[in-house]
Amino acid sequence: MHAEQKGINEECGIFGVWDHPRAAELTYYGLHSMQHRGQDGAGLVVNSGRRLRAHKGLGLVNDVFQDASFQELTGSAAIGHVRNATEGSHTYENVQPLLFQSQTESMALAHNGNLINADSLRTELEHEGSILQTSSDMEVLAHLMKKSSMETNETSIADALNQTTGAYGILMMTDDTLYAALDPNGIRPLSIGRLGDAYVVASESCAFDQIGAVFERDVLPGELVAINDDGVQSSRFAIRGQRKMCSMEYVYLSRPDSDVNTVNVHASRKQMGKELAKESPANADIVVGVPDSSISAAIGFAEASGLPYEMGIIKNRYVGRTFIQPTQDLREQGVKMKLAPVRGMVAGKRVVMVDDSIVRGTTSKRIVDMLKHAGASEVHVRIASPPIQHPCWYGIDMSTYRELIAANYTLEAIGELIGANSLGFLSEPGLEKAIVKDKSLHQGICTACMTGDYPVAKGAERVLTHKRS
Ligand code: AMP
Ligand code: SF4
């Protein structure tokens, strides 16, 4: 697929703090609570008033900060980032926040999401003589800002953002201001909290709970927030589009204890399970969930169907996510290491196995095999989201059409491939019903990877070939 269509995805978490004596340490804790959003790199830039200083590296938050001295990372403001690298972008240079030093100022930048037109903007900049050092979309943005003004301010940020299309939450920091911006459709999550007099900004509200901060409000679509010693100023850099929060935040990405756009993630997953049980009931003895992301949906399924929820699968919590392993072989090995059946619970039983989603089909197939080896007499697979048939252009690494099992096979064929006795997916209306509680807040959700209905730059999608059966 052409890079313009897929882009360098940045499935990430960002965190910022303004006006707290232990800004770097709080950022570390905030990033730690969002480790699930990216395990390939982490970093922070701390602001000591006159100087911005970075500490970052490849790997998990704990690895990156194990040698860090928070006594040395002094300053009352900071921004940080955890990142999930996609193929070809797993380098130190791409670890954020990126720090830009010019004759006039220092500026740090971190983002979560994807600028769809970053490649053409990059080409234009290079033709004009700019030299870019990373493959990060944020370097492109920084160059656009410098073209607008030598100083980072609301005008230069708005000028630059208005040349881009995409889905993003962005944090920027100069020596005197912390900026937070959200894409015009609010596809990615970004919230503001308070910790005493300090302001905090995070991709997920679980980061606020981690540091004892209180949720204040979400950053609005197309809004640019500037936080400095004069307080908080809000401006609009773009006409606010319809809010289209990423539905995969609820299905899989966010932590169950987070509230995304004021809806609790666990509650929405539980409701997805309930809707699924109504739409796709199963003749079975027990319901099991695939840890961790599917437990909430499995509980909902059990509750609505009247079947007992049992712990039929357990997870070795010391193994990383399967998805980030680079090859199919390693991914399969990863699933084997990560999950184990509870034999005594599943042997001789007709099992409903609830998972949150199917992407390539690797996980479901292995789990069905595993449950059958452990003696399950039947395994009925129920997926608490619609089939993922299209890649994501908005920052979530959802692979290409070729790799997406539901883009290439019919429902019946997928059921056979994964070895299930029966297979059911949640419908798109069912998903929407589980997430959207208040139309005035949600307007709608993004379901582009399931429906192909892309809320931004729809014209660029590829035409699907016929499905194999
Ligand atoms: P697969 O084995 O490729 O079908 O992957 C499906 C599993 O990956 C599901 O059980 C989800 O829990 C998880 N998953 C779904 N979306 C993502 C994503 N964007 N990144 C990482 N894991 C994901
Ligand atoms: Fe989320 Fe899918 Fe939309 Fe991407 S395409 S933003 S993963 S709902």
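Everything that follows concerns the structure shown earlier in this document.
Residues numbered from 1 in each chain as written. Chains lettered and ligands numbered in written order. Predicted model: local features only at pLDDT ≥ 70, side-chain atom pairs only at ≥ 80, totals over all residues. Heavy atoms only, no water.

Considerations on the pattern of salt bridges
Evaluated as defined, the whole model comprises 17 salt bridges. We note a salt bridge from Glu 249 to Arg 188, for which the minimum N-O separation is 3.2 Å. Residue Glu 249 is located in helix α8 (residues 247-253), and its partner Arg 188 is located in the loop between β8 (178-182) and β9 (191-195); the two are separated by 61 residues in the primary sequence. Accessibility assignment for this pair places Glu 249 and Arg 188 in one class, buried. A salt bridge links Asp 285 to Arg 350; the nearest nitrogen and oxygen atoms lie 2.9 Å apart. Pair noted here: Asp 285 is in the loop between α9 (265-279) and β17 (286-289) and Arg 350 is in strand β20 (residues 350-355), with a separation of 65 residues, a long-range link. Residue Asp 285 is classed as partly exposed on the basis of its relative accessible area of 28%. One continuous salt-bridge network, built from bridges that share partners, spans Arg 37, Arg 188, Glu 204 and Glu 249. (Salt bridge = Lys/Arg side-chain N within 4 Å of Asp/Glu carboxyl O. Helix = DSSP H or I, 4+ residues; strand = E, 2+ residues; numbered from the N terminus. Buried < 20%, exposed > 50% of the residue type's maximum accessible area, 1.4 Å probe, protein only.)

Things to note about the packing of aromatic side chains
Within the structure shown, the criterion is met by seven aromatic pairs. Among the aromatic side chains, those forming a connected cluster through ring pairs are Tyr 28, Tyr 29, Phe 65 and Phe 70. When the ring centre of Tyr 92 is taken as origin, the NZ or CZ atom of Lys 56, which lies over that ring, is 5.8 Å away. Its end group placed over the ring of Tyr 199, Arg 194 keeps NZ or CZ at 3.9 Å from the ring centre. (Phe/Tyr/Trp six-rings, centres within 6.5 Å; stacked < 30°, edge-to-face > 60°. Lys NZ or Arg CZ within 6 Å of the ring centre and 35° of its normal.)

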